[in-house]
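These are the residues of each chain, in order.
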Amino acid sequence: MPLHFRWFRFDELSTRDFYEIVKARESVFVVEQQCAYQEVDELDPLAWHLLATVDGKLAAYIRLVGPGDKFAEPSIGRVMTLNAFRGHQYGRALMSEAIRFTEQTYPSLGIKIGAQIYLIAFYESFGFKAVSESYDEDGILHVDMLKPAVGV
């Protein structure tokens, strides 16, 4: 089934959409990954939010933080596909859409992410390269990765 993408600024999200986002993010990042941390944070109101739905149900999600809010570059984060929708390459489609939108919205800046170590090869397949040593973030090993600006 095809994914339907919708981008929102925080203030454009309906209460129901934000509830579904928070519920999904907590399900994946807090419960599945057994990681107790403050999932909703001060970056949510500053971010773009990409909801990917299948038949009207939230299947996958990404948050895009603008340049200067987390890193000097724009940053894609909170990348997730809900368990019921895994195995259909939705994560790849989601990431492709996020990169397309980010490069269009913030041209010539590149994209920086904080990637969980086990996903390095996934992000490398999109042109990201590790730019830091591994570090512990909330009990999970991460590495910063950078995708150079298009044409640079």
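None of these values were measured; they are calculated from a predicted model. (Residues numbered from 1 in each chain as written. Predicted model: local features only at pLDDT ≥ 70, side-chain atom pairs only at ≥ 80, totals over all residues. Heavy atoms only, no water.)

In this section: the environment of T105. For T105, the position within the fold is in helix 2 (residues 90-105). Since its relative accessible area comes to 30%, T105 is described here as partly exposed. A polar contact of 2.8 Å, which involves the side chain of T105, links it to the backbone oxygen of F101. (Helix = DSSP H or I, 4+ residues; strand = E, 2+ residues; numbered from the N terminus. Buried < 20%, exposed > 50% of the residue type's maximum accessible area, 1.4 Å probe, protein only. Polar contact = N/O pair within 3.5 Å; in protein donor to acceptor, adjacent residues only side chain to side chain.)

Turning next to the packing of aromatic side chains. Throughout the structure, instances matching the rule amount to six aromatic pairs. Ring centres of W48 and F101 lie 5.0 Å apart, and the angle between their planes is 70°; on these two criteria the pair is classed as edge-to-face. Remark: F101 occurs in helix 2 and W48 occurs in strand 2 (residues 48-54); sequence separation between them is 53 residues. Consider the rings of Y123 and F128, whose centres lie 6.1 Å apart with planes at 75°: the pair is edge-to-face. F128 shares its class with Y123; the two are buried. (Phe/Tyr/Trp six-rings, centres within 6.5 Å; stacked < 30°, edge-to-face > 60°.)

A few words now on the confidence of the model for the protein. With 91% of its residues at a pLDDT of 70 or more, the protein has an overall mean of 90. Predicted confidence in the protein is weakest over helix 1 (residues 15-32), with a mean pLDDT of 81, and strongest over strand 6 (residues 129-130), with 97. (pLDDT = per-residue confidence, 0-100.)

Right, let's get into the pattern of salt bridges. With the rule as written, the count across this model stands at six salt bridges. Salt-bridge contacts for R78 lead to D41; the nearest nitrogen and oxygen are separated by 3.2 Å. With R78 in strand 4 (residues 75-81) and D41 in the loop between helix 1 and strand 2, the pair connects residues that are 37 residues apart, well separated along the chain. Across the pair, exposure class does not vary: R78 and D41 are buried alike. D44 is the salt-bridge partner of R63, the closest N and O atoms lying 3.0 Å from each other. Taken together, the residues R63 in strand 3 (residues 57-65) and D44 in the loop between helix 1 and strand 2 connect sequence positions 19 residues apart. (Salt bridge = Lys/Arg side-chain N within 4 Å of Asp/Glu carboxyl O.)

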